[in-house]
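Spelled out, the chains give:
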Number of protein chains: 2
Amino acid sequence: MEDSKVTKKFCEYLVGLDNKDINDKAIHEAKRCLMDWFGVVLGGSTHKGVDIILKTLDELGIAKQATIIGRKEKTDVLHAAFINSYMSHVLDYDDTHLDSFVHPSGPVWATIVALSEKYPLNGKDALRAFVVGFEAETRIGRVLFRHHEEQGFHMTGMTGGFGAATAAGRIMGLNVEQLQRAFGIVATYSSGLRAMFGTMSKSAHPAKAAMSGIYAASLAKNGFTSALNVLEAPRGYFLVNAAETDIEEVVEGLGQGFEIMKNSVKPYSCGVVTHPVIEGGIALRTTFSEQSSEVDHIVAEVNSMVPDVTGKKTPQTGLEGKFSVYHCLAAGLIDGECGPDQFTDSRVQNLKIVAARDKVRLLVNPDFKEYEARVSLVLKSGERIVHNVPFALGTENNPLTGSQLENKCFSMAKQVIGEEAAKHLIESIWCLDETVELRKLLEISNGVAI
Amino acid sequence: MEDSKVTKKFCEYLVGLDNKDINDKAIHEAKRCLMDWFGVVLGGSTHKGVDIILKTLDELGIAKQATIIGRKEKTDVLHAAFINSYMSHVLDYDDTHLDSFVHPSGPVWATIVALSEKYPLNGKDALRAFVVGFEAETRIGRVLFRHHEEQGFHMTGMTGGFGAATAAGRIMGLNVEQLQRAFGIVATYSSGLRAMFGTMSKSAHPAKAAMSGIYAASLAKNGFTSALNVLEAPRGYFLVNAAETDIEEVVEGLGQGFEIMKNSVKPYSCGVVTHPVIEGGIALRTTFSEQSSEVDHIVAEVNSMVPDVTGKKTPQTGLEGKFSVYHCLAAGLIDGECGPDQFTDSRVQNLKIVAARDKVRLLVNPDFKEYEARVSLVLKSGERIVHNVPFALGTENNPLTGSQLENKCFSMAKQVIGEEAAKHLIESIWCLDETVELRKLLEISNGVAI
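Residues numbered from 1 in each chain as written. Chains lettered and ligands numbered in written order. Predicted model: local features only at pLDDT ≥ 70, side-chain atom pairs only at ≥ 80, totals over all residues. Heavy atoms only, no water.

1. Topic: the interface of chain A and chain B
Then step 1. In this complex, chain A contributes 59 residues to the contact, which on the side of chain B involves 59 residues.
Then step 2. Carbon and sulfur atoms supply 61% of the area that chain A and chain B bury against each other, a total of about 4,800 Å² over both sides.
Then step 3. Of all residues in chain A, Leu-60, Thr-188 and Arg-235 of chain A bury the most surface against chain B, accounting for 17% of the area lost on that side.
Then step 4. Between chain A and chain B we count two salt bridges in total.
Then step 5. The partner of Arg-235 of chain B in a salt bridge is Asp-308 of chain A, with the nearest N and O atoms 2.7 Å apart.
Then step 6. Summed over the shared surface of chain A and chain B, the number is 30 residue pairs in polar contact (both at pLDDT 80 or more).
Then step 7. Of all the elements in the fold, those that place two or more residues in the side of chain A that touches chain B are helix H3 (48–60), helix H4 (77–89), helix H7 (147–151), helix H9 (176–189), helix H10 (204–221) and helix H11 (237–241) of chain A.
Then step 8. Here the side of chain A that touches chain B takes eight residues from H3 of chain A, the largest share from any one element.
Then step 9. Residue composition of the side of chain A that touches chain B, grouped by class: 28 nonpolar, 22 polar and nine charged. (Contact = heavy atoms within 4.5 Å. Buried area = accessible area lost by both parts, 1.4 Å probe. Salt bridge = Lys/Arg side-chain N within 4 Å of Asp/Glu carboxyl O. Polar contact = N/O pair within 3.5 Å; in protein donor to acceptor, adjacent residues only side chain to side chain. Helix = DSSP H or I, 4+ residues; strand = E, 2+ residues; numbered from the N terminus. Nonpolar A, V, L, I, M, F, W, Y, C, P; charged D, E, K, R; others polar.)

2. Overview of the relation of the copies chain A and chain B
The operation relating the pair of chain copies consists of a rotation about an axis and a translation along that axis.
Then step 1. Note on the copies: chain A fits chain B at an RMSD of 0.1 Å, the axial shift is 0.0 Å, and the rotation between them is 180°. The transformation relating the two chain copies, once decomposed into turn and shift, fits a two-fold axis. Identified as the residue of chain A closest to the rotation axis by C-alpha distance is Ala-63 of chain A, at 2.2 Å.
Then step 2. Taken as a fraction of all interface residues of chain A, those also at the interface in chain B reach 100%, which identifies the copy contact as same-surface. (Least-squares fit on C-alpha atoms with pLDDT ≥ 70 in both.)

3. Regarding the sheet that holds strand S7 (residues 373–379) of chain A
Residue and element names in this part refer to chain A.
Then step 1. Pairing in this open sheet of four strands is mixed, and the strands run S6-S5-S7-S8 from one edge to the other. Looking at the sheet topology across the chains shown, the edges are occupied by strand S6 (360–364) and strand S8 (384–389). The mean inter-strand angle of the sheet, taken between neighbouring strand axes irrespective of direction, is 15°.
Then step 2. Two strands pair when backbone bridges link them, and strand S5 (residues 295–302) and S6 are joined in this way by five bridges, in the parallel orientation. In the strand pairing of S6, Ala-300 is matched with Leu-362.
Then step 3. The sheet strands contacting helix H16 (residues 325–335) are S5, S6 and S7, and the helix crosses S6 at an angle near 120°. (Pairing = 2+ DSSP bridges. Axes fitted to C-alpha atoms, helices over the stretch in contact; angles between N-to-C directions.)

4. Considering the pairing of S5 of chain A
Residues and elements named next belong to chain A.
Then step 1. Buried residues dominate S5, accounting for seven of its eight residues.
Then step 2. By the bridge criterion, seven bridges tie S5 to S7 in an arrangement that is antiparallel. Note on S7: the bridge partner recorded for Ile-298 is Leu-377. (Buried < 20%, exposed > 50% of the residue type's maximum accessible area, 1.4 Å probe, protein only.)

5. So, the pattern of salt bridges
Then step 1. Following the criterion strictly, the structure yields 54 salt bridges over all chains and no others.
Then step 2. Of the charged contacts, one joins Arg-71 of chain A and Asp-51 of chain A as a salt bridge, the two residues approaching to 2.8 Å between their closest N and O atoms. Of the two residues, Arg-71 of chain A sits in the loop between strand S1 (66–67) and strand S2 (74–75) while Asp-51 of chain A sits in helix H3, which places them 20 residues apart along the sequence.
Then step 3. One salt-bridge network, held together by shared partners, links Arg-146, Glu-149, Glu-150, Arg-194 and Asp-308 of chain A together with Arg-235 of chain B.

6. Concerning the sheet that holds strand S5 (residues 295–302) of chain B
All names here are of chain B.
Then step 1. Read across the sheet, four strands follow the order S6-S5-S7-S8 without closing on themselves; strand pairing throughout is mixed. The two strands at the open ends of the sheet, each matched to only one other strand, are strand S6 (360–364) and strand S8 (384–389). On average, each strand axis in the sheet is inclined to that of its neighbour by 15°, with strand direction left out of account.

7. Details of the domain arrangement of chain A
Residues and elements named next belong to chain A.
Then step 1. Examined at the domain level, chain A breaks down into domain 1 (2–267 + 424–444) and domain 2 (272–389).
Then step 2. Here the C-alpha centroids of domain 1 and domain 2 sit 32 Å apart.
Then step 3. Considering only the surface of domain 1 that becomes buried against domain 2, Leu-98, Phe-101 and Arg-146 emerge as the three largest contributors, covering 33% of it.
Then step 4. Inspection of the domain 1/domain 2 interface yields two salt bridges.
Then step 5. Summed over the shared surface of domain 1 and domain 2, the result is two residue pairs in polar contact (both at pLDDT 80 or more).
Then step 6. Taken together, the residues of the side of domain 1 that touches domain 2 sort by class into seven nonpolar, three polar and seven charged. (Domains from an automatic or database assignment.)

So, in structure tokens, the structure goes:
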């Protein structure tokens, strides 16, 4: 195991990626991630958890130099990365890499954006740093997943730091050994319990991943020592956290494409495993509305993760609704959508939705992937009206279109920065290249450039 | 499991401890811990890791308000807690609670000292906060230990945050529910891999424990939500990290005494499990010196943790020497002591020490506790010269005397702040009471009050 040298091989690959190795398709995906990220960050920027974090940091006394997106307050760079990453996750509306269950954009974009205030960083280089950071966290995550997640760990808290450190390392110019050391530091900082789901503390996981990534890369650049072989070390990251995994998988097929091409962007602001069911609900909405009194019960056939992650039968709050596939399906059937409006306390308690929710029966289909579902309305007559969802909207084989993505971003951004700035932000993200400094986006989103 | 309410019971106990509940013996032990802590912090204050951390934070840009002990630089309160805790551990010379293998003083005193710059805090209240913080981290640690430590986690990284949050919570006046929430936050921040041993990253574990404890208590006070039942929750701290443990042990025998009475203070600056062997070496020093050429080999009978934690046979650096019971025993036999001078690169490579080291044979005795050892010089004639160590110096049944403790603190403090200030510091610690502000110690140790 000690001879496997996975850490070194992986860091050599990541550090060795030239600009020319990162193709236009990957860059385009990175822009899509950034668009989605800015939307969910602005959408999350008014969350009460953010108010509390900012108040707390102000009381404790911190430097105020770096931008908090969508807010007037400033913090130091480390906490700006923390809070911008926090905001990206707080609506449970951010993207997911389904092979690892990592929410990849949150910690990595927060890291790059925070560093753009200290390092001159043009748009294209920022996008490249993102592609490489994405690769690091998801390749490590897909090996750790799924046993580790079932055990009770939150994947993004466990792996986001690798993505953040890798992106920060590219921006700072770390060499291979320095990145190995940064990996050691983030590995020993990695944590995050699923017991936090449904509380403000859940979003602290991607948040601290971003912060630890910047800190680790900065320390490693200055000569701080750490295990150089943390992934394969006898008491290292994998053997301690998930001993039964095949660590070599981390470096399998390097250079044959980027994980970013497999990203999923959420059309609905709740656990990604509920999405195919929601889509089934939306498709059956008209039928359900017309034949409501005839429906005896509703069968949702799903992947095995669905009851595990979102099995709450009688949610009472908006937040609990995000972890209830029963509520999500009912909202799809009644409202025809599943955005932030479907996850308020009052919507979760709405009698019509509760009545539909109570009719839902969950059935795990061991052949179904996370992006697959089948929803059936079973009428009192015994007749079944069935809708199959082979690839949920937003996943690799059925991605959001450019305009769907723009609409998602716009709908949240306009509420915080107004329609003009929201449009400007969206246009500017599509136009990111070597001539544009990334920090221009911060100016737009915080009202300076308008 | 969800009905066990361990988190709530434990927090009720910790919050409910009145000043009168914390007896004079416990307060005296807290003073001894503080004395030892100041010594090792000052001793560690010139470590290269500290230079790198301070340089890195300066580059990243942080506020500069709070005292770094023994240094001119300042940082914000969060990082002052981080660095002061870092320094306490970097010489591997700080105290140990043997039932949990937690190094208890580091994170808790660093937390209290950092907060003393924001909250008016007299000496007696600081000592009380320490006793309660000590109780929290060690009661949780002793349940997690030993399986979890064997698995590859560093106990202080995993549990120090609970101590820090509890002490911070007492100073900030948290109620029971707020402390439960702070526990949730530190639990989800808890991490620390043993793969970091022998690198600068090891001391980041108690460091980040202190920082997360302050942050968690501050967030919880302001209403940040977290799991209220993190210790017993289905995907909570114990079930995820050490499922086979009996969680109820956390609250067994509450009120029947304080864990601080079982603390061990290190007379030697290396892994605590090597200490009984070192003592055997020191006791046999004269004999060994006189009969060196007659000694065929040396047998060290030890507790089972010794090879596991300190089994390095051929250390090359001072730092590696700390994790080599072979070197430690040789240093005891040759030098008659095992302080920082025995853990330089050149001392570890010294030919006389290497020759003695190569004669050592390790033998695990399953009946031996961590504080127990037997060292035998086996002569070429077959004769054995044996020294038994039933209770190593510094452990519960054979504590350092007050003057031994003073000497340890003085020897390190004088090198950084001079003899006068070192004496003043020691006297002031013994005199801590309601009339003295804790921050006076910071002024003394940083040259303001002299």
